[in-house]
Amino acid sequence: MKGLLLLPLLLAACKLWPPVQRQVCLWEEFEDGDGWKNRWVESKHSPDYGKFQLTAGKFYADKEKAKGLQTSEVAKLYALSTRFKPFSNENESLVVQLSVKHEQGIDCGGGYVKLFPDTLNQEDMHSESEYYIMFGPDICGFGNNKVQVILHYQGKYHGNNKTIECRINKDTHLYTLVIRPNATYEVKIVNQQMAAGDLEDDWDFLPPKKIKDPYAQKPRKWDEHLQIEDPEDEKPEDWDDFEYIPDPEAKKPDDWNEAMDGKWEEPLIPNPKYKGQWKPRIIDNPNYQGEWIHPEIDNPKYKPDPTICHDYNISVLGLDLWQVKSGSIFDNFLITNDKEFAEEVGNKTWGIRKDLEKQWRELYEEMEKRKQEEEAEKKKEMEEEGEDEIWGIEAGSEEDTAEELGNDRPMKEDDAERAFLAKHDCRVDQKNEP
């Protein structure tokens, strides 16, 4: 009966707060060939920006579906962006998702995106252009690999205090950021949660809620020594703590002249009874009061802000980054208000291809290793032949035989490679797509 009475209230609540409708502001998978060039704008702020190319890279599970934007020039800044219908996360969740594949084995460079307001001039986008959010992997040398989550608040940029390590191998990885209107967040890598919590706690947007009481002081007699020397312990009477003693067998030389040589003193020798420096034993301090903790009070400068990271007119997604070694591929861009939908999209794109891509990456690396070994062997043989020519060694009929074998070698190498690829059913490209 009670449940029946509550039913009208629940129905009324549904009318007042209808379920949030899914919004997909941006969904880019580059499946229409060169059509992406009509949607993405290259910045003209600098004539020296690097170029992006559409390619699936050197290894992939599906050549067409794996195509994305790849950095193509070494040691370059890149500035490319695409516009979508303005979106506000004041009363909606904001979900940003992308896949990144550092197939070149990146050592220093960004793999992140930026979200800009609709006022951005895309042809003039550059590193100083004001943005709302920067999100994605950032790699700079060994041990400095993290997911950047930089948020704009009241005219300043704030980096996340939690260190979130990014993936650094050559496979494709999916990165997802969720910012909710109640000022909570979540970061996922390959659809697994890596960090979550309150924006206020993990970013320094606001002054701290608590501060140390400026009028509190540790009492002068506060004892925070856990252990002390035993005041009742005494050094034994036979304890000898002189490391050196005068040599008892030494005698003053007969010709020693104190007027000229000064007072004669016995030379020192190691003390055979030396026991080391005596110290009283250590005991637990009976007066130990523990470590003194500075009392805290409410910070009078702290004021909660329920509008933290409520951004208005989010309208541009940009790749504004620097890379030393090019080759990163960006794909599967998604901006929505539906976390579950983003996870579903990730599983249907990156998720169904990741295992096969990994297998082909391993086969590609094995082929590259074989190729390098063969080239090294060939170089060694050429160096040895060069040494023979320097010393004037004539191979005679053996040289002719070697030439015949050399002519036959390409055919055997091609046969071996075809057999290797047939065995592994591998369709790996040796070069990037043009």
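Being a predicted model, the structure only gives us computed values, none of them experimental. (Residues numbered from 1 in each chain as written. Predicted model: local features only at pLDDT ≥ 70, side-chain atom pairs only at ≥ 80, totals over all residues. Heavy atoms only, no water.)

**Quick word on the overall build of the protein chain**
- For the protein chain, the helix and strand inventory stands at five helices and 22 strands.
- Within the protein chain, the proportion of its 434 residues that are buried is 38%.
- For the protein chain, the share of sequence-separated contacts (at least 6 apart) that also reach a separation of at least 24 residues comes to 75%. (Helix = DSSP H or I, 4+ residues; strand = E, 2+ residues; numbered from the N terminus. Buried < 20%, exposed > 50% of the residue type's maximum accessible area, 1.4 Å probe, protein only. Contact = heavy atoms within 4.5 Å.)

**Let's talk about the confidence of the model for the protein chain**
- Mean pLDDT over the protein chain works out to 86, with 85% of the residues at or above the 70 mark.
- Throughout residues 426-434 the model reports pLDDT below 50, and contacts reaching past four residues in sequence, or to other chains, amount to 30 contacts. (pLDDT = per-residue confidence, 0-100.)

**Points about the pairing of strand S21 (residues 314-323)**
- Most of S21 is tucked away: nine of the ten residues are buried.
- As defined by bridge partners, strand S5 (residues 76-87) adjoins S21 across nine bridges and the pair is classed as antiparallel. When the bridges of S21 are listed, leucine 80 appears paired with leucine 319.
- As paired strands, strand S8 (residues 113-117) and S21 are joined by four bridges and run antiparallel to one another. Pairing of phenylalanine 116 across the sheet is with valine 316, part of S21. (Pairing = 2+ DSSP bridges.)

**Observations concerning unusual backbone geometry**
- Although it is not a glycine, asparagine 313 sits at a positive phi angle of roughly 60°.
- Structurally, asparagine 313 can be placed in the loop between strand S20 (296-298) and S21.
- Given the relative accessible area of 37%, asparagine 313 is considered partly exposed.
- Backbone geometry at asparagine 332 places phi at a positive 55°, although glycine is not the residue there.
- Along the chain, asparagine 332 turns up in strand S22 (residues 328-336).
- With relative accessibility at 7%, the residue asparagine 332 sits in the buried group.

**So, the pairing of strand S12 (residues 172-179)**
- Most of S12 is tucked away: eight of the eight residues are buried.
- Going residue by residue along S12, you find Thr172, Leu174, Thr176 and Val178 tucked away on one face and His173, Tyr175, Leu177 and Ile179 tucked away on the opposite face as well.
- Here eight bridges tie strand S6 (residues 94-102) to S12, and the two strands are oriented antiparallel to one another. Across the sheet, the residue bridging to lysine 101 is threonine 172, located in S12.
- With five bridges joining them, S12 and strand S13 (residues 184-189) adopt antiparallel strand pairing. Counted as the bridge partner of tyrosine 175 is isoleucine 189 from S13.

**Focus on the state of the cysteines**
- As enumerated under the stated definition, the model contains zero disulfides in all.
- Residue cysteine 108 stays outside any disulfide, its sulfur separated by 3.7 Å from that of cysteine 140, the closest cysteine.
- Judged by its relative accessible area of 22%, cysteine 108 falls in the partly exposed class. (Disulfide = S-S within 2.5 Å.)

**Topic: a nonpolar patch on the surface**
- Together, Leu77, Trp322 and Val324 give the surface a local cluster of nonpolar side chains, amounting to about 250 Å² of exposed area.
- Turning to its location among the elements, valine 324 is positioned in the loop between S21 and S22.
- The partly exposed category is assigned to valine 324, whose relative accessible area is 32%. (Patch = residues over 30% accessible without salt bridge, like charges linked within 9 Å, V, L, I, M, F, W, Y side chains within 5 Å. Areas by Shrake-Rupley, 256 points an atom, 1.4 Å probe, with all protein chains shown as cover. Salt bridge = Lys/Arg side-chain N within 4 Å of Asp/Glu carboxyl O.)

**Looking at a negative patch on the surface**
- Taken together, Glu377, Glu383, Glu384, Glu385 and Glu387 make up a surface patch of like negative charges.
- Within the secondary structure, glutamate 377 sits in helix H4 (residues 339-390).
- Judged by relative accessible area, glutamate 377 falls into the partly exposed class, the value being 43%. (Lys, Arg positive; Asp, Glu negative; His and termini not counted. Charge placed at Lys NZ, Arg CZ, Asp CG, Glu CD.)

**Observations regarding the pattern of salt bridges**
- All chains considered together, the criterion is met by 27 salt bridges.
- For lysine 44, the salt bridge identified is with glutamate 123, shortest N-O distance 3.9 Å. Note that lysine 44 is positioned in the loop between strand S2 (40-42) and strand S3 (52-55) and glutamate 123 in the loop between S8 and strand S9 (133-140), a separation of 79 residues in sequence.
- Residue arginine 361 pairs with glutamate 365 through a salt bridge whose shortest N-O separation is 3.3 Å. Of the two residues, arginine 361 and glutamate 365 both sit in helix H4, four residues apart, roughly one turn of that helix.
- For glutamate 365, a relative accessible area of 29% corresponds to the partly exposed category.
- When salt bridges that share partners are traced, they join Lys170, Asp171, Arg361 and Glu365 into one network.

**Considerations on the environment of arginine 22**
- In this fold, arginine 22 is placed in the loop between helix H1 (2-16) and strand S1 (24-28).
- Separated by 317 residues in sequence, arginine 22 and lysine 339 have C-alpha atoms that sit 9.7 Å apart.
- Setting aside chain neighbours within four positions, we find arginine 22 in contact with Thr336, Asn337, Asp338 and Phe341.
- In terms of polar contacts, arginine 22 uses its side chain to reach the side chain of aspartate 338, at 3.2 Å. (Polar contact = N/O pair within 3.5 Å; in protein donor to acceptor, adjacent residues only side chain to side chain.)

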